[in-house]
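# Descriptive structure summary
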Amino acid sequence: MNTPSTPRLTLDAARALHGMLRTEIGPGLTEQELDAVETRFGFTFAADHRVFLSAGLPCGSSGWPDWRNADAEDLAGRLTWPVDGVLFDVEHNGFWHPAWPSRPAEISEALRVARTELESVPHLVPVYGHRYLPGTAGEYGHPVLSVYQTDIILYGNDLAD
(Lines give C-alpha, C1' and ligand atoms only; values in the text may rest on other atoms or scores of the structure.)
Protein backbone atom coordinates (compact mmCIF):
# COMPACT_ATOMS: atom_id res chain seq x y z
CA MET A 1 0.00 0.00 0.00
CA ASN A 2 2.28 2.79 1.25
CA THR A 3 -0.06 5.46 -0.02
CA PRO A 4 0.87 9.08 0.80
CA SER A 5 -2.42 9.53 2.69
CA THR A 6 -1.73 6.55 4.96
CA PRO A 7 0.43 7.60 7.90
CA ARG A 8 2.87 5.08 9.28
CA LEU A 9 1.79 3.53 12.55
CA THR A 10 4.03 4.77 15.35
CA LEU A 11 4.70 3.08 18.70
CA ASP A 12 2.68 5.81 20.44
CA ALA A 13 -0.26 5.33 18.06
CA ALA A 14 -0.04 1.55 18.52
CA ARG A 15 -0.09 1.96 22.31
CA ALA A 16 -3.15 4.20 21.95
CA LEU A 17 -4.82 1.42 19.93
CA HIS A 18 -3.96 -1.06 22.66
CA GLY A 19 -5.66 1.25 25.17
CA MET A 20 -8.93 0.87 23.25
CA LEU A 21 -8.83 -2.94 23.27
CA ARG A 22 -10.82 -4.96 25.76
CA THR A 23 -8.02 -7.39 26.43
CA GLU A 24 -4.82 -7.70 28.40
CA ILE A 25 -1.71 -6.32 26.73
CA GLY A 26 1.58 -8.02 27.51
CA PRO A 27 5.10 -6.84 26.76
CA GLY A 28 5.73 -6.21 23.09
CA LEU A 29 7.65 -8.60 20.90
CA THR A 30 11.29 -7.77 20.32
CA GLU A 31 12.72 -7.51 16.82
CA GLN A 32 14.42 -10.87 17.44
CA GLU A 33 11.10 -12.47 18.44
CA LEU A 34 9.32 -11.02 15.39
CA ASP A 35 12.11 -12.26 13.11
CA ALA A 36 11.99 -15.71 14.73
CA VAL A 37 8.20 -15.98 14.18
CA GLU A 38 8.61 -15.00 10.53
CA THR A 39 11.39 -17.53 10.02
CA ARG A 40 9.57 -20.33 11.84
CA PHE A 41 6.30 -19.91 9.95
CA GLY A 42 7.58 -18.64 6.58
CA PHE A 43 5.86 -15.27 6.27
CA THR A 44 6.60 -11.61 6.96
CA PHE A 45 4.65 -9.14 9.06
CA ALA A 46 3.72 -5.87 7.37
CA ALA A 47 5.52 -2.86 8.89
CA ASP A 48 2.48 -1.59 10.80
CA HIS A 49 1.76 -5.07 12.17
CA ARG A 50 5.33 -5.27 13.47
CA VAL A 51 4.94 -1.89 15.20
CA PHE A 52 1.59 -2.94 16.70
CA LEU A 53 3.10 -6.16 18.12
CA SER A 54 6.29 -4.49 19.33
CA ALA A 55 4.25 -1.89 21.25
CA GLY A 56 2.46 -4.67 23.15
CA LEU A 57 1.14 -8.17 22.62
CA PRO A 58 -2.63 -8.58 23.03
CA CYS A 59 -3.00 -11.75 25.07
CA GLY A 60 -6.19 -11.69 27.12
CA SER A 61 -8.42 -13.51 24.64
CA SER A 62 -8.14 -16.58 22.46
CA GLY A 63 -8.98 -14.43 19.42
CA TRP A 64 -5.56 -12.78 19.52
CA PRO A 65 -2.69 -14.92 18.23
CA ASP A 66 -0.09 -15.30 20.95
CA TRP A 67 3.03 -15.03 18.83
CA ARG A 68 5.21 -15.54 21.91
CA ASN A 69 3.70 -18.52 23.75
CA ALA A 70 1.02 -20.17 21.62
CA ASP A 71 1.13 -23.73 20.48
CA ALA A 72 2.85 -23.90 17.07
CA GLU A 73 -0.07 -25.93 15.68
CA ASP A 74 -2.53 -23.21 16.69
CA LEU A 75 -0.48 -20.52 14.95
CA ALA A 76 0.06 -22.69 11.87
CA GLY A 77 -3.68 -23.33 11.68
CA ARG A 78 -4.44 -19.61 11.85
CA LEU A 79 -1.95 -19.01 9.04
CA THR A 80 -3.43 -21.70 6.78
CA TRP A 81 -7.07 -20.72 7.50
CA PRO A 82 -7.43 -18.36 4.49
CA VAL A 83 -6.00 -20.83 1.96
CA ASP A 84 -7.92 -23.74 3.48
CA GLY A 85 -11.11 -21.70 3.19
CA VAL A 86 -10.57 -20.94 -0.49
CA LEU A 87 -9.78 -24.59 -1.18
CA PHE A 88 -12.95 -25.61 0.66
CA ASP A 89 -14.96 -23.35 -1.64
CA VAL A 90 -13.15 -24.72 -4.70
CA GLU A 91 -14.04 -28.26 -3.66
CA HIS A 92 -17.53 -27.81 -2.27
CA ASN A 93 -18.97 -24.58 -3.67
CA GLY A 94 -17.65 -24.36 -7.22
CA PHE A 95 -15.43 -21.35 -6.56
CA TRP A 96 -12.88 -20.56 -9.26
CA HIS A 97 -11.08 -17.23 -9.55
CA PRO A 98 -11.36 -15.69 -13.05
CA ALA A 99 -7.64 -14.91 -13.21
CA TRP A 100 -6.70 -18.58 -12.77
CA PRO A 101 -6.24 -20.96 -15.70
CA SER A 102 -9.29 -22.93 -16.82
CA ARG A 103 -10.74 -25.08 -14.07
CA PRO A 104 -9.82 -28.75 -14.40
CA ALA A 105 -12.73 -31.18 -14.38
CA GLU A 106 -11.24 -33.40 -11.65
CA ILE A 107 -11.59 -31.94 -8.14
CA SER A 108 -8.14 -33.15 -7.09
CA GLU A 109 -6.53 -31.39 -10.04
CA ALA A 110 -8.63 -28.23 -9.45
CA LEU A 111 -7.41 -28.18 -5.84
CA ARG A 112 -3.80 -28.61 -6.97
CA VAL A 113 -4.07 -25.72 -9.46
CA ALA A 114 -5.85 -23.49 -6.93
CA ARG A 115 -3.21 -24.22 -4.27
CA THR A 116 -0.45 -23.38 -6.78
CA GLU A 117 -2.17 -20.10 -7.68
CA LEU A 118 -2.57 -19.19 -4.01
CA GLU A 119 1.16 -19.72 -3.42
CA SER A 120 1.83 -16.64 -5.59
CA VAL A 121 -0.10 -14.17 -3.42
CA PRO A 122 1.05 -12.62 -0.13
CA HIS A 123 0.36 -14.61 3.01
CA LEU A 124 -2.49 -13.34 5.11
CA VAL A 125 -1.33 -12.91 8.70
CA PRO A 126 -3.86 -13.14 11.53
CA VAL A 127 -4.54 -10.03 13.57
CA TYR A 128 -7.58 -11.17 15.56
CA GLY A 129 -9.97 -14.05 14.97
CA HIS A 130 -10.58 -14.22 11.23
CA ARG A 131 -9.23 -10.68 10.62
CA TYR A 132 -6.04 -10.61 8.58
CA LEU A 133 -3.40 -8.28 7.19
CA PRO A 134 -1.35 -9.06 4.08
CA GLY A 135 2.15 -10.04 5.14
CA THR A 136 4.37 -7.79 3.07
CA ALA A 137 7.71 -6.84 4.55
CA GLY A 138 8.32 -3.13 4.99
CA GLU A 139 4.87 -2.09 3.78
CA TYR A 140 2.17 -0.40 5.80
CA GLY A 141 -1.36 0.85 5.35
CA HIS A 142 -2.90 -2.40 4.13
CA PRO A 143 -6.59 -2.93 4.77
CA VAL A 144 -7.62 -5.35 7.49
CA LEU A 145 -9.66 -8.12 5.88
CA SER A 146 -12.33 -10.31 7.42
CA VAL A 147 -11.70 -13.70 5.84
CA TYR A 148 -14.11 -16.61 5.95
CA GLN A 149 -13.55 -18.96 3.02
CA THR A 150 -14.07 -16.77 -0.08
CA ASP A 151 -16.29 -14.36 1.82
CA ILE A 152 -13.70 -11.62 2.20
CA ILE A 153 -14.71 -8.13 3.26
CA LEU A 154 -12.96 -4.94 4.24
CA TYR A 155 -12.93 -4.82 8.03
CA GLY A 156 -10.82 -1.68 8.35
CA ASN A 157 -9.02 0.68 6.01
CA ASP A 158 -5.78 -0.05 7.86
CA LEU A 159 -4.67 -1.43 11.22
CA ALA A 160 -5.38 1.83 13.03
CA ASP A 161 -8.91 1.90 11.61
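Residues numbered from 1 in each chain as written. Predicted model: local features only at pLDDT ≥ 70, side-chain atom pairs only at ≥ 80, totals over all residues. Heavy atoms only, no water.

A few words on the overall build of the chain. Each helix and strand in the chain was counted, giving five helices and six strands. Ordered by position from the N terminus, the helices and strands of the chain form the series α-β-α-α-β-α-α-β-β-β-β. Its C-alpha radius of gyration of 17 Å places the chain within 12% of the 15 Å reference for a compact globule of 161 residues. Over its C-alpha atoms, taken along the principal directions, the chain stretches across nearly 55 × 40 × 25 Å. A buried classification covers 40% of the 161 residues belonging to the chain. (Helix = DSSP H or I, 4+ residues; strand = E, 2+ residues; numbered from the N terminus. Rg over C-alpha atoms; globule rule 2.2 N^0.38 Å. Buried < 20%, exposed > 50% of the residue type's maximum accessible area, 1.4 Å probe, protein only.)

Okay, empty space enclosed by the protein next. This structure, assessed with the given rule, holds one cavity of 30 Å³ or more. Looking at the largest cavity, its volume works out to about 40 Å³. Lining the largest cavity, in full, are His49, Phe52, Leu53, Pro58, Trp64, Pro65, Trp67, Pro126 and Val127. At the level of secondary structure, the elements contributing two or more residues to the lining of the largest cavity comprise helix H3 (47-55) and strand E3 (124-128). Among the elements that take part in the lining of the largest cavity, H3 stands out by supplying three residues, more than any other. (1 Å grid on protein atoms, 1.4 Å probe; cavity = no way out; pocket = protein on both sides within 12 Å on 5 of 7 lines; lining within 4 Å. Points joined across faces, edges and corners; volume = space filled by probe spheres on them.)

Volume-wise, the largest pocket comes out at about 670 Å³. Looking at the lining of the largest pocket, the elements that each hand over two or more residues are helix H4 (72-92) and helix H5 (107-118). For the lining of the largest pocket, the element with the highest residue contribution is H4, accounting for six residues. Tallied by class, the residues present in the lining of the largest pocket amount to 15 nonpolar, five polar and three charged. By volume, the second largest pocket amounts to about 470 Å³. Around the second largest pocket, the lining comprises 17 residues; the ones closest to its centre are Leu21, Trp64, Val127, Tyr155 and Leu159. Of all the elements in the fold, those that place two or more residues in the lining of the second largest pocket are helix H1 (11-20), E3 and strand E6 (151-156). (Nonpolar A, V, L, I, M, F, W, Y, C, P; charged D, E, K, R; others polar.)

Note that every value here comes from positions in space, so none of it alone points to a role or purpose.
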